[in-house]
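Chain by chain, the residues:
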Amino acid sequence: MPELPEVEAARRAVEEHCLGKKIKKAIIANDTKVIDSVSASDFEAALLGKTLISAHRKGKNLWLRLDSPPFPSFQFGMSGAIYIKGVAVTKYKRSAVNDTDEWPSKYSKFFIELDDGLELSFTDKRRFAKVRLLKDPAAVPPISELGPDALLEPMTVDEFTESLSKKKIAIKALLLDQSYIAGIGNWIADEVLYQARIHPLQSSASMSKENSATLHKCIKEVIQYAVRVDADSSRFPLEWIFHFRWDKKPGKVNGKILLLYVIILTEELILQVIEKAIEVGADSSQFPKNWIFHSREKKSGAFVDGKKIDFINAGGRTTAYVPELQKLSGNQAAKVAAEPRKKTSKRKSGGNDDTDELSNEEEKIVETDQLKKGPKPRGRGKKPPMIRKSDDSDDNDAGDDNSDDDEVQKKTMKKITTKQAKAEKASKKKVQSSQNRKKPNKAK
């Protein structure tokens, strides 16, 4: 879903292009799932003739201050995005609307035209967003329930370290809790934990002061950098795990990675690469270790800086991490060391046979998260209804909320199917036995 940098980029675009202008036309979608607690007609009437005074953000929420209340407020959800016609506004990586689509988009939920002809639209194809009309957005939920903004109200290192010591949940889950820190979502959490070399399932309270300080530094640096480049992911550093995390399937290279590198290499970077290669006499063994050159032929898995990326469930979300760098510590590490790791089997398609599966301890932690979602079905019975997948895959971030435990469901379904097959077989034997007893003996 759009996170702090994407929402901040939208706020800045509104601030730069729309302030001081009067709303002369408004179209609000008749969608009660997105437009919250107000009719479309009342919403439109409240906007017409008003002047935009300022744009505000906290966490992943944006609201526009007009010359008089009430004010429109936007909770971006999974795929919400702000568009200003003729203005480049950074969108979420998996945004559902393309620049070439009709205008305003058929997914537009909030559309206004300003007195100079400029047009703004808030779209949401997947309908997880909320658009509200509020007298004071910051004084009521959800904004009033948010923790300190990760960019505007950062904790000090000491405050951060002390707060972690009181939290026993996994660090990834804690970072996703908007009442703890507002603005960090799935990709930022994965990025900062990767850069801090911290395992996503590490208990927050068990983290050392050194690790806490490193994580605090990484949160600050990643968010400030992403905001500075207006959340334009093509300008994110090449070594960020962000560029490699979206495929979500260890053992399968994201085919878009090489193309991504070609797109984001500027002329200056190309010259730097060439100069470095010439400097070492084109000896590839002397190329920098973080060059994609060293891993571009490794088609058996997703890699970053030559190291394998794995995907697990942490905090109810699909989580990308690098096992080689992000290890459990303290008691959790001791438990992992005490238990033998499961042997992995080769994929039928000839996959990489040295791919490590989760340790038993990691599996237990993951299972604990999954059990919180509800009990698994047992015994014979009807098949549980299949979860309907959206047309849009996003990060499968709706999937992160609805289908991260697909593997658990598949195993459960397999068990149920096996039991049903055995029951059917036994039933057929009983029927056949009964029929044989009823048949009269044939005359000799």
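Residues numbered from 1 in each chain as written. Predicted model: local features only at pLDDT ≥ 70, side-chain atom pairs only at ≥ 80, totals over all residues. Heavy atoms only, no water.

Re the overall build of the chain
Put simply, the test is: Secondary structure counts use DSSP, requiring at least four H or I residues in a row for a helix and at least two E residues in a row for a strand, with both numbered from the N terminus. All accessibility values rest on the Shrake-Rupley procedure with a 1.4 Å probe; residue burial counts only the protein chains present in the view.
When its secondary structure is counted, the chain shows 12 helices and 12 strands. Surface accessibility of the chain: about 24,400 Å² in total, with carbon and sulfur atoms responsible for 51%.

Side note on the sheet that holds strand β1 (residues 23–28)
Note the threshold: DSSP calls a pair of strands paired once it identifies at least 2 bridges connecting them. Axis definition: a line fit to C-alpha positions, over the contact stretch in the case of helices; interaxial angles, taken between N-to-C directions, run 0 to 180 degrees. The criterion used for residue contact is that any of the two residues' heavy atoms lie within 4.5 Å.
On the basis of which strands lie adjacent, the open sheet formed by four strands has the order β1-β6-β7-β5 and antiparallel pairing. Each end of this open sheet is capped by a strand with a single partner; those strands are β1 and β5 (81–84). Strand after strand, the sheet turns through a mean of 15° between neighbouring axes, direction not considered. Of the strand pairs in this sheet, β5 and strand β7 (residues 119–123) are connected by four bridges, and their pairing is antiparallel. Within β7, the residue paired with Tyr 83 across the bridge is Ser 121. Strand contacts of helix α2 (residues 40–47): β1 and β6 (108–114), with the helix running at about 165° to β1, the strand carrying the most contacts.

Comments concerning the nonpolar core
Put simply, the rule is: For our purposes a nonpolar core is just a set of buried Ala, Val, Leu, Ile, Met, Phe, Trp, Tyr and Cys residues, chained together by side-chain atoms within 4.5 Å. The classification of residues rests on relative accessible area computed with a 1.4 Å probe and restricted to protein chains. Under 20% of the type maximum is buried, over 50% is exposed, and intermediate values are partly exposed.
Ranked by size, the top nonpolar core spans 34 residues in total, and within it Val 14, Leu 47, Leu 52, Ile 82, Ile 84, Phe 110 and Ile 112 carry the most contacts. Ile 84 has contacts with Ala 13, Val 14, Cys 18, Val 89, Trp 103, Leu 118, Glu 119 and Leu 120, leaving out every residue within four places of it along the chain.

Topic: the packing of aromatic side chains
Each aromatic ring pair is described using two quantities: the centre-to-centre distance and the angle formed by the ring planes. Note the following rule: Only Phe, Tyr and Trp rings take part, Trp by its six-membered ring, and two of them pair if their centres are within 6.5 Å. Stacked means planes under 30 degrees apart, edge-to-face means over 60, and tilted covers everything else.
This structure, assessed with the given rule, holds 11 aromatic pairs. Relative to Phe 110, the ring of Phe 43 lies with its centre 6.0 Å away and its plane at 65°, an arrangement referred to as edge-to-face. With a gap of 67 residues between them, Phe 43 in helix α2 and Phe 110 in strand β6 connect regions that are remote in the sequence. The exposure class of Phe 43 is buried, given its relative accessible area of 0%. A ring pair is formed by Trp 187 and Phe 242, whose centres lie 4.9 Å apart and whose planes are at 80°; its orientation type is edge-to-face. One end of the pair, Trp 187, is in helix α5 (residues 186–196); the other, Phe 242, is in the loop between α6 (209–228) and α7 (256–264), with 55 residues separating them in the sequence. We note that Trp 187, like Phe 242, is buried.

So, the confidence of the model for the chain
Stated formally: A residue's pLDDT is the confidence the predictor assigns to it, expressed on a 0 to 100 scale.
Averaged over all residues, the pLDDT of the chain equals 78, while 66% of them reach at least 70. Low confidence marks residues 296–300, where pLDDT is under 50. Its contacts with residues over four positions away, or in another chain, come to 10 contacts. In the predicted structure, residues 343–357 sits below a pLDDT of 50 and forms 14 contacts with residues beyond four places in sequence or in another chain.

Points about the sheet that holds strand β4 (residues 71–75)
Read across the sheet, four strands follow the order β2-β3-β4-β8 without closing on themselves; strand pairing throughout is antiparallel. The open sheet has two free edges, formed respectively by β2 (52–58) and β8 (130–134), since each of these has just one partner strand. Mean inter-strand twist for the sheet, computed between neighbouring axes without regard to direction, equals 20°. Here β2 runs beside strand β3 (residues 61–66); their pairing, made up of six bridges, is antiparallel.

Observations concerning the packing of helix α1 (residues 4–17) against α6
The condition is simple: For any pair of crossing helices, the crossing counts as left-handed if the nearer helix is rotated counterclockwise from the farther one by less than a right angle, and right-handed if it is rotated clockwise. Under this grouping Gly is polar, as are all residues other than the nonpolar Ala, Val, Leu, Ile, Met, Phe, Trp, Tyr, Cys and Pro and the charged Asp, Glu, Lys and Arg.
Interaxial distance between α1 and α6 falls to 9 Å at its minimum, and their mutual angle equals 35°. As for the relative orientation of α1 and α6, their crossing is right-handed in sense. Across the interface between the two elements, Leu 4, Pro 5, Glu 8 and Arg 12 of α1 pack against Ile 223, Ala 226 and Val 227 of α6. Partitioned by chemical class, the residues of the contact of α1 with α6 number five nonpolar, no polar and two charged.

Focus on the environment of Trp 246
Mapped onto the elements, Trp 246 comes out in the loop between α6 and α7. Look at Trp 246 and you get buried, because its relative accessible area is 4%. Taking the C-alpha atoms as reference, Trp 246 lies 9.9 Å from Thr 318; in sequence the two are 72 residues apart.

Quick word on the pairing of β3
With five of six residues buried, β3 is to be regarded as a mostly interior element. Where β2 hands over to β3, the hairpin turn is made up of two residues, of which Gly 59 adopts a positive phi near 60°. Where β3 meets β4, three bridges bridge the pair, whose relative direction is antiparallel. Of the residues in β4, the one forming a bridge with Leu 62 is Phe 74. Connecting the antiparallel pair β3 and β4 is a turn made up of four residues.

Description of helix α3 (residues 157–164)
Worth spelling out the cut-off: To obtain the arc, one takes the directions from the helix axis to the C-beta atoms.
All of the buried residues in α3 are Phe 160, Thr 161, Ser 163 and Leu 164. Taken around the axis of α3, the buried residues stretch over an arc of 165°, which confines them to a single face. Summarising the contacts, the buried residues of α3 are in contact with α4 (171–176) and α6.

Observations regarding the pattern of salt bridges
Heads up, the condition is: Each salt bridge in this description consists of a side-chain nitrogen of Lys or Arg and a carboxyl oxygen of Asp or Glu lying within 4 Å of one another.
Counted according to the given criterion, the structure contains 15 salt bridges. Glu 8 is the salt-bridge partner of Arg 57, the closest N and O atoms lying 2.7 Å from each other. Of this pair, Arg 57 sits in strand β2 while Glu 8 sits in helix α1, and the two are 49 residues apart along the sequence. Considered together, Arg 57 and Glu 8 belong to a single accessibility category, that of buried residues. One salt bridge in this structure joins Lys 166 and Glu 162, with 3.6 Å as the shortest N-O distance. With a relative accessible area of 61%, Lys 166 lands in the exposed category. What emerges from the salt-bridge pattern is a single network uniting Glu 8, Arg 11, Arg 12, Glu 15, Arg 57 and Asp 149.

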